[in-house]
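Below are the chains, spelled out letter by letter.
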Amino acid sequence: MPYIKQEARDVLEPELEKLCRKVGNTIVLAGNPPISSVFNYIAFSLLRLLPNSYREMSAGMAGLNDAIEEYRRRFMNPLEDERRRANGDIV
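Predicted, not measured: the structure shown is a model, and the values here were computed from it.

### Some details on the packing of aromatic side chains
Step number 1: Taken as a whole, this structure holds one aromatic pair when the rule is applied.
Step number 2: Note on Tyr71 and Phe75: the rings are 5.1 Å apart at their centroids and 40° apart in plane angle, and the pair reads as tilted. With a gap of four residues between them, Tyr71 and Phe75 both fall in helix α3 (residues 54-87), about one helical turn apart.
Step number 3: Among the residues examined, Phe75 registers a relative accessible area of 49% and is labelled partly exposed.

Printed below as a string of structure tokens:
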């Protein structure tokens, strides 16, 4: 779960909002590359900032995997459930 204390979120959130707006504008300026490529590039760039320690690198990878799972659970699974109800299950 991506939960951190509110004090840390209060510090991070304004900067993340600025970064997201800037990235969105930059994507347009870069000719709208595929979003999967943009996310891959951003994630890789963030991971490169980790200290050269197996423990830190592994923790960074785990954090990305956890974020993917949380996103799927919260946003993608409900859409899949909705489509299954609307169109019928395949089993």
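From this point, the discussion proceeds with the structure in view.
### Structural notes on a nonpolar patch on the surface
Step number 1: On the surface, Ile4, Leu12, Leu16 and Leu19 cluster together into a nonpolar patch covering about 340 Å² of accessible area.
Step number 2: Within the secondary structure, Leu16 sits in helix α1 (residues 6-29).
Step number 3: With a relative accessible area of 41%, Leu16 lands in the partly exposed category.

Scoring rules and cut-offs
- Residues numbered from 1 in each chain as written.
- Predicted model: local features only at pLDDT ≥ 70, side-chain atom pairs only at ≥ 80, totals over all residues.
- Heavy atoms only, no water.
- Phe/Tyr/Trp six-rings, centres within 6.5 Å; stacked < 30°, edge-to-face > 60°.
- Helix = DSSP H or I, 4+ residues; strand = E, 2+ residues; numbered from the N terminus.
- Buried < 20%, exposed > 50% of the residue type's maximum accessible area, 1.4 Å probe, protein only.
- Patch = residues over 30% accessible without salt bridge, like charges linked within 9 Å, V, L, I, M, F, W, Y side chains within 5 Å.
- Areas by Shrake-Rupley, 256 points an atom, 1.4 Å probe, with all protein chains shown as cover.
- Salt bridge = Lys/Arg side-chain N within 4 Å of Asp/Glu carboxyl O.

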